[in-house]
Amino acid sequence: MLVFIFATEVEHQNPSSMLFQNALIKTVWSSIVTLTDVNAMMWKEAKAMALRHESVRVCAETRIAAFVRKEIQESKSKEMKSAALIIQKQMRQVFARRFVASLLKKMKEDEMFQLRIKCATSLQTSWRRFFWRNRFLNHKKRKIECERQNNTKKREHLRQKRRLSLASLLYRDVIRIDTTIATVSIHLYEDVQTTMLLKVYVPSTRETFSFRLNENEVRECLERALCSEGRLSWDEMLKRDALNELTKRLMIRNVRGRPIFLFSRRNIVERGLLIKTAVLQSCGEIFLLSMFRSPYDIVFCTYQPSTRLQLRTKISIPKLSSWLNQIYAENRTTWSSSKNADASFISEPALRLLKQENQPNLIEWLVKRVVIRTNPKHGKFELLFQYEAEEERVIKLVTKIQSQWRRIKSRRAAKSQTYTHWEKIYVREERMFAYRNTITDERQWEKPKLLGEDDLPEPVDEWRTEQIVDPTTGQVHVYHVNYGTGQSSWLTEKEAAVLVQRRYRSKHESDLIGKKKLDLVDVVNALKFIQGARDKYDKDPNKLANIVNYALLCHCIDLDFEKARPIYKEAMKVSPNHPLIARAYGIYLLASCQLPRATSFQTACRLFNEADLADPTQSKFHSATEIYFRWSVLADSKNPLALLNFALVHQCIYKKYEHSERLYRAALAADPTNEYVTENYRLFTEERYPGGSYVSLGPPFSVYRRSTIVEERPEWAEWVKMKDPMCPKKGFEIYFFNRFTKTTRFNEPDWKLVWDARVERSSCVSGKTTHWQEYYDPRTKTTFFYDGYSKRYTCVRPEMRKS
């Protein structure tokens, strides 16, 4: 109510110029507050309000201070925790390195101990082997020497015995008695008294029969056999014809199936009864035939009156019986139907002819089968039966067949030896095959005649080790040859592989560093310049040239980034716009990964741009590249930091990104855990995409290994569309890749240029008479077609396109 009154009064006093609330406050303050009670009450209420306001402000201030302290403490604790973790990590690495080093040292010491034990054991084994082998060889040598001496004595004794035997040999011949063949030899010995030794060797039983005759017995036998009227001299008795008469006194008896030879010392008069005498004519000569029959055999004797030649042969009764039965069994059917058959065989069985009453028929049959002929060996007459002549003919045929078989067998053996001793080789110079003897190393173009129509197999494509003897020095040289390809080499496969590896490493280093080779003069000059840079900086460290050279020396040669940092900063203070200093310092910032890295990268790019404006041809930086950056790689091509510096030079200065990538890969191969190399390579690959500092036509070649083929068409030839699943920038996962040139592109290639290049390297196969021309691409080994009317290319045949 009071407020309403005050409000009404205020409105009446100032109705237009004051608002209602402001007027009310002014009226209350001017009229009511002046009261003592009200004033005290208001001051009390004002103090309470001020205290509340101040307490709220103090509480807010306290909370804000606590929150700030909390944030500061949390940040400090996080930093301390991360620092502690880093320190723990570094200490663990240090302890682990020490532990691994101690383990490696112990393992090395243990390996050395084991190696010493192995070496000692090997030496002891080798010494024992050498000692016992030497002892065994000496024993074997003595044994061989003793055996050689004994064999020499034995051979000398046998030689002497054989010499005496040959010296005493008077007569040797091969005789046949019945069915037994024997060798007869007669020796003359003059010891106490003169004697003759007659030896008969039977090959079938391997037995030797010896008969010793004194002078009187020999003289008596020969005088009776030769019908001498007087006493024979030694010259007459030692003639071959006279000694041949002694062999006629040999007789044979079969004892239990084994032939036994006997020498008859009786008179040479035939045993048995004379049953027939007849005159025979053979070989233009006349012979008187006498037949004697005994219970054991039948003897035929002939006498030639003109030359007084006597011939003799006999056949035993068992042999005659088997002969008759054999002939009867073989020809019985033929004789029964023949008109001219022998009547005695038809009427009488074979065994009946041996009876006494059938003796005339037997004599007639035997006389018809007695043969007198000239011996082809010595040209004298000999007397034998028809079955003996038939046996000789069969033996000759068998011998001839055996000789033919041996000939065929020897040819087969020679042919098999030819396959063993000869081989087919390829001669590269003549581009044809030749034939080589593996034993004598003889070579010829013609095929060995023993092969006939056959041929040796094709040579195998393999390397073999051969030896060749120098005819002048006699030294043996070892070489390696491949007869399948005709290649030869003095190097082994291992040596050739080492040489190829060495050439490959040299080629790889020349691709990375450059083809220029250093000689001794260049090395000496470089070492002098480097040492001179150190000495000049020590003498005058304030000169700009000395500062720059020493900074590059610490950066590139010593690879001491911490030491190079203040020297580079001093050089930048003296001359911040010099292109050489700007480029070197920019490379140093990137190589040393100075923190913060984004700021360091921007600073390096700014320095490179300013240096390009001042020195667009890089002429002032070329000497530094050759003396410091390239020399550091030449001095140690396996050092990742040296390769990193050289890669940054090609990346940032010369803009050769492909060469830089090869250098990066070589540095990663040398040390894949180096943080400087990995960080710069990551930055390099990220900045190669569009929008980066090192933009190229496509992604690096290393991306190809992790990419997959998205699309390929016959019209694209060697180009395929690839996708990189690990692309660091979105929108650039798809790119084109050339399978032959190994190049990449983000955009599609110019297909007109691709077709023009393809036509240029291809050959026209057909289509000279039509508007369709067919080409063969040797690179892709495919064909494509060109339409002369529409000027278009296609990989589909025109016939298929119509269908």
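Values in this document were obtained by computation on a predicted structure and should not be read as measured data.

Undergrad: Would you mind going over the overall build of the protein with me for this structure?
TA: A count of helical and extended segments in the protein gives 22 helices and 26 strands. Within the protein, the fraction of its 803 residues that count as buried is 32%. At a minimum sequence separation of 6, the contacts of the protein that also span at least 24 residues come to 40%. As displayed, the protein has an accessible area near 54000 Å², and 56% of this comes from carbon and sulfur atoms.

Undergrad: When you look at the confidence of the model for the protein in this model, what are you seeing that I'm missing?
TA: Do not read the fine detail of predicted coordinates wherever pLDDT is low. A residue-level look at the protein finds 89% of positions with pLDDT of 70 or above and a mean pLDDT of 82. Within the protein, helix α1 (residues 2-13) has the poorest average pLDDT of any element, 43, and strand β14 (residues 432-437) the best, 91. For residues 1-17, every residue scores under 50 in pLDDT, and the model assigns this stretch 12 contacts once sequence neighbours within four places are set aside. This model gives residues 343-348 a pLDDT under 50, and the stretch forms 13 contacts once residues within four places in sequence are excluded.

Undergrad: I tried to follow helix α14 (residues 561-574) on my own but got confused; where do I start?
TA: Every α-helix winds through 3.6 residues per turn, so residues three or four apart in the chain are directed the same way. Counted at 1.5 Å a residue, the expected span for α14 with its 14 residues is 20 Å, and the 20 Å between its end C-alpha atoms agrees. Those residues of α14 lying buried are Phe 561, Ala 564, Arg 565, Ile 567, Tyr 568, Ala 571 and Met 572.

Undergrad: Explanation requested: the sheet that holds strand β2 (residues 180-190) in the structure shown.
TA: Strand pairing within a sheet occurs via backbone hydrogen bonds; the two strands may be parallel or antiparallel. Spatially, the 4 strands line up as an open sheet ordered β1-β2-β3-β4, and their pairing is antiparallel. Across the chains shown, the open sheet's two edge strands, defined by having one partner strand only, are β1 (169-177) and β4 (207-214). Recorded for the sheet is a direction-independent mean angle of 20° between the axes of neighbouring strands. Two strands pair when backbone bridges link them, and β1 and β2 are joined in this way by 8 bridges, in the antiparallel orientation. Within β2, the position partnered with Tyr 171 by the bridge is Ile 186. With respect to the sheet, helix α4 (residues 215-226) is in contact with β3 (194-202) and β4, its orientation differing from that of β4 by roughly 95°.

Undergrad: Help me out: how do you make sense of the environment of Ile 567 in this one?
TA: Mapped onto the fold, Ile 567 is located in helix α14. Counting along the chain gives 16 residues from Ile 567 to Ala 551, while the straight-line C-alpha distance between them is 5.6 Å. Contact partners of Ile 567, with chain neighbours within four places excluded, come to Tyr 537, Ile 547, Tyr 550, Ala 551 and Cys 554.

Undergrad: Just to check I follow, could you spell out a nonpolar patch on the surface for this structure?
TA: A cluster of nonpolar side chains, Phe 99, Val 100, Leu 103, Leu 104 and Met 107, forms an exposed patch at the surface whose accessible area comes to about 470 Å². Along the chain, the position of Val 100 falls in helix α3 (residues 36-168).

Undergrad: Sorry if this is basic, but what is going on with the pairing of strand β10 (residues 309-316) here?
TA: When a strand is regular, its side chains alternate between the sheet's two faces. Alignment of strand β9 (residues 297-304) against β10, held across 8 bridges, turns out to be antiparallel. Bridge pairing in β10 places Val 299 opposite Lys 314. Hairpin connection of β9 to β10: 4 residues between the antiparallel strands, including Arg 308 at a positive phi of 55°.

Undergrad: Looking at this model, I keep getting lost on the packing of α4 against helix α6 (residues 240-247). Mind explaining?
TA: For any two helices packed against each other, the geometry comes down to the angle between their axes and how far apart the axes lie. The N-to-C vectors of α4 and α6 enclose an angle of 105°; their axes lie 9 Å apart at closest approach. It follows that α4 is roughly perpendicular to α6 by the angle criterion. Side by side, α4 and α6 meet where Cys 221, Leu 222, Ala 225 and Leu 226 of the first sit next to Ala 242, Glu 245 and Leu 246 of the second. The residue inventory of the contact of α4 with α6, partitioned by class, reads 6 nonpolar, no polar and 1 charged.

Undergrad: What is the right way to look at unusual backbone geometry in this model?
TA: The phi angle of most residues is negative, glycine excepted, and most peptide bonds adopt the trans form. Leu 595 connects to Pro 596 through a cis peptide bond whose omega is -10°. One non-glycine residue, Cys 283, lies in the positive phi region at around 55°. For Cys 283, the position within the fold is in the loop between β7 (273-282) and β8 (285-293).

Undergrad: Would you explain a positive patch on the surface in this entry?
TA: A cluster of basic residues, Arg 502, Arg 503, Arg 505 and Lys 638, forms a positive patch at the surface. Among the structural elements, Arg 502 can be located in helix α11 (residues 493-513).

Undergrad: When you look at the pattern of salt bridges in this model, what are you seeing that I'm missing?
TA: Side-chain pairing between opposite charges can occur once the charged atoms of the two side chains come close. The full count for this structure, using the stated rule, is 42 salt bridges. Here Arg 373 makes a salt bridge to Glu 382, at a shortest N to O gap of 2.9 Å. A salt bridge links Arg 565 to Glu 562, with the shortest nitrogen-to-oxygen separation between them at 2.7 Å. Here Arg 565 pairs with Glu 562, and both are found in helix α14, just 3 residues apart, close to one helical turn. Judged by its relative accessible area of 52%, Glu 562 falls in the exposed class. What emerges from the salt-bridge pattern is a single network uniting Glu 423, Arg 436, Asp 441, Arg 443, Arg 464 and Glu 466.

Undergrad: Just checking my understanding: could you explain the environment of Trp 323 for this structure?
TA: By the element assignment, Trp 323 lies in helix α7 (residues 317-337). Between the C-alpha atoms of Trp 323 and Tyr 387, which are 64 residues apart in sequence, the distance is 7.9 Å. Among residues more than four places away in sequence, those in contact with Trp 323 are Ile 315, Trp 365, Leu 366, Arg 369, Phe 385, Gln 386 and Tyr 387.

Undergrad: Hey, could you run me through the side chain of Ser 168 in this one?
TA: Within the fold, Ser 168 resides in helix α3. If we ignore the near neighbours within four places in the chain, the residues touching Ser 168 are Ile 186, His 187, Leu 188 and Tyr 189.

Undergrad: Help me understand the nonpolar core in this model?
TA: Grouped together as the largest cluster of nonpolar side chains are 61 residues, with contacts concentrated most on Leu 552, Tyr 568, Ile 587, Leu 590, Phe 621, Phe 629 and Leu 648. Phe 621 has contacts with Leu 580, Arg 583, Ala 584, Ile 587, Asp 615, Phe 629, Val 649, Ile 653 and Tyr 654, leaving out every residue within four places of it along the chain. Counting residues in each nonpolar core, the second largest holds 27 residues, with Val 200, Phe 211, Val 218 and Ile 252 among its members.

Undergrad: Can you help me understand the sheet that holds β14 in this one?
TA: Here 3 strands make up an open sheet; going across it, the order is β13-β14-β15 and the pairing antiparallel. Of all strands in the sheet, those bounded by a partner on one side alone are β13 (422-427) and β15 (443-444). As paired elements, β14 and β15 share 2 bridges and run antiparallel to each other. Of the residues in β15, the one forming a bridge with Tyr 435 is Gln 444.

Undergrad: Mind showing me how you'd approach the packing of aromatic side chains here?
TA: Centre-to-centre distance and the angle between the planes together describe a pair of aromatic rings. A complete count under the given rule lists 38 aromatic pairs for this structure. Taken together, a centroid distance of 5.6 Å and an interplanar angle of 45° make the contact between Tyr 689 and Phe 746 tilted. Residue Tyr 689 is found in the loop between α20 (675-687) and β19 (708-711), and its partner Phe 746 is found in the loop between β22 (744-745) and α21 (751-761); the two are separated by 57 residues along the sequence. According to the relative accessible area criterion, Phe 746 is buried, its value standing at 13%. These aromatic residues form a ring-pair network of at least three members: Phe 601, Tyr 657, Tyr 664, Tyr 681, Phe 684 and Tyr 694. Above the face of the Phe 433 ring, Lys 424 is positioned so that its terminal group lies 4.9 Å from the ring centre. Note that Lys 656 overlies the ring of Tyr 654, its terminal NZ or CZ placed 5.9 Å from the centroid.

Rules of the game
Residues numbered from 1 in each chain as written. Predicted model: local features only at pLDDT ≥ 70, side-chain atom pairs only at ≥ 80, totals over all residues. Heavy atoms only, no water. Helix = DSSP H or I, 4+ residues; strand = E, 2+ residues; numbered from the N terminus. Buried < 20%, exposed > 50% of the residue type's maximum accessible area, 1.4 Å probe, protein only. Contact = heavy atoms within 4.5 Å. Areas by Shrake-Rupley, 256 points an atom, 1.4 Å probe, with all protein chains shown as cover. pLDDT = per-residue confidence, 0-100. Expected span 1.5 Å × (residues − 1). Pairing = 2+ DSSP bridges. Axes fitted to C-alpha atoms, helices over the stretch in contact; angles between N-to-C directions. Patch = residues over 30% accessible without salt bridge, like charges linked within 9 Å, V, L, I, M, F, W, Y side chains within 5 Å. Salt bridge = Lys/Arg side-chain N within 4 Å of Asp/Glu carboxyl O. Parallel < 35°, antiparallel > 145°, perpendicular 65-115°, else oblique. Nonpolar A, V, L, I, M, F, W, Y, C, P; charged D, E, K, R; others polar. Lys, Arg positive; Asp, Glu negative; His and termini not counted. Charge placed at Lys NZ, Arg CZ, Asp CG, Glu CD. Core = buried A, V, L, I, M, F, W, Y, C linked by side-chain atoms within 4.5 Å. Phe/Tyr/Trp six-rings, centres within 6.5 Å; stacked < 30°, edge-to-face > 60°. Lys NZ or Arg CZ within 6 Å of the ring centre and 35° of its normal.

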